[in-house]
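Here is what each chain is made of, one letter per residue.
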Amino acid sequence: VRGNHDEAFDLAMNRGHVGDLPMHLYPGMKGKFTAESYGIIFSKDLEYNVMAASYKKLVPQKHKDFFAGLPLYYNIEMEDRNYVIWHAGLGESCWFDILDMYKDDDLDMDHLIDAAAVDYKYNILWDHEGPNQYAEIPGFTQVVGHMPVQYPYFSDNVIMCDTGCGHENRPLTAVILPDNIYTQVTDEG
């Protein structure tokens, strides 16, 4: 699913303007490593607009299309449980707003989740929620990343599975649904 880093890259490559590149290249986003992997060499002498245009040319269209096509979320039903998998998840206040905004529209849960993805896209990509701040969506468990935790967190309401991969000595974690079993790998193997 689309995450905040994917969004920044997609904005810079596909949907935005040259001015969107700084967010992608911001040190916390680690976009400089991505740019270097495509052959960009950073230099104080290189004019920013020239570098940005070169970067856009170096990224294959196939890669741009991949990022442009990433969905905001997936809905999966397994053993009578629904999971909504999105990057940062949906907080309580956003869910209450959705319920209030669409109270007269007689929407089922799938359509309310669709509405939440559209109306609260920023939150789904960027918010940092704690385990007790995620929305309780009746019949659904949110599966989220974005906010690193020491170990995966499991409840009926939310599964937090980002264990900080990409930071030194932090594992990559995969969760096996619906059993809530997880497996991890580190750079040591």
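As the structure is a prediction and not an experimental result, all values here were calculated from the model. (Residues numbered from 1 in each chain as written. Predicted model: local features only at pLDDT ≥ 70, side-chain atom pairs only at ≥ 80, totals over all residues. Heavy atoms only, no water.)

Here the focus is the overall build of the protein chain. From N to C terminus, the protein chain includes eight helices and seven strands. If you line up the protein chain on its principal axes, its C-alpha atoms span 55 × 45 × 25 Å. Taken across its 189 residues, the protein chain has 40% of its residues classed as buried. Nonlocal contacts in the protein chain, meaning residues at least 24 apart in sequence, comprise 51% of its contacts between residues at least 6 apart. (Helix = DSSP H or I, 4+ residues; strand = E, 2+ residues; numbered from the N terminus. Buried < 20%, exposed > 50% of the residue type's maximum accessible area, 1.4 Å probe, protein only. Contact = heavy atoms within 4.5 Å.)

Turning to the pairing of strand S7 (residues 181-185), a few remarks are in order. Two strands pair when backbone bridges link them, and strand S6 (residues 172-176) and S7 are joined in this way by five bridges, in the antiparallel orientation. Bridge pairing in S7 places Ala-174 opposite Thr-183. From the end of S6 to the start of S7, which pair antiparallel, there are four residues, and Asn-180 there has a positive phi angle of about 55°. (Pairing = 2+ DSSP bridges.)

Summed over the entire model, instances satisfying the criterion amount to four salt bridges. Notably, a salt bridge pairs Glu-7 with Arg-2, separated by 3.0 Å at the nearest N-O pair. For Glu-7, a relative accessible area of 8% translates into the label buried. (Salt bridge = Lys/Arg side-chain N within 4 Å of Asp/Glu carboxyl O.)

A few words on a nonpolar patch on the surface. Residues Val-1, Tyr-74 and Ile-76 make up a contiguous nonpolar surface patch of about 240 Å² in total accessible area. One can find Tyr-74 in strand S1 (residues 73-78). Given the relative accessible area of 45%, Tyr-74 is considered partly exposed. (Patch = residues over 30% accessible without salt bridge, like charges linked within 9 Å, V, L, I, M, F, W, Y side chains within 5 Å. Areas by Shrake-Rupley, 256 points an atom, 1.4 Å probe, with all protein chains shown as cover.)

Let's shift gears to the packing of aromatic side chains. Within a pair of aromatic rings, the relevant descriptors are the distance that separates the centres and the angle that separates the planes. Applying the stated criterion across every chain, the model contains eight aromatic pairs. Here Phe-9 and Tyr-38 contribute two aromatic rings whose centre-to-centre distance is 6.3 Å and whose plane-to-plane angle is 15°, an arrangement assigned as stacked. One end of the pair, Phe-9, is in helix H1 (residues 4-15); the other, Tyr-38, is in the loop between helix H3 (31-37) and helix H4 (48-58), and 29 residues separate them in sequence. One aromatic cluster is present, formed by Phe-9, Tyr-38, Tyr-55, Phe-66 and Phe-67 through successive ring pairs. (Phe/Tyr/Trp six-rings, centres within 6.5 Å; stacked < 30°, edge-to-face > 60°.)

On the basis of which strands lie adjacent, the open sheet formed by five strands has the order S1-S2-S3-S5-S4 and mixed pairing. Looking at which strands have only one partner, the edges of the open sheet turn out to be S1 and strand S4 (153-154). Strand direction decides the pairing type here: strand S2 (residues 81-86) and strand S3 (residues 140-144), joined by four bridges, are parallel. Its bridge partner lying in S3, Asn-82 is registered against Phe-140. Strand contacts of helix H7 (residues 109-119): S1, S2 and S3, with the helix running at about 155° to S1, the strand carrying the most contacts. (Axes fitted to C-alpha atoms, helices over the stretch in contact; angles between N-to-C directions.)

Geometric descriptors of this kind do not, in isolation, establish any biological role.
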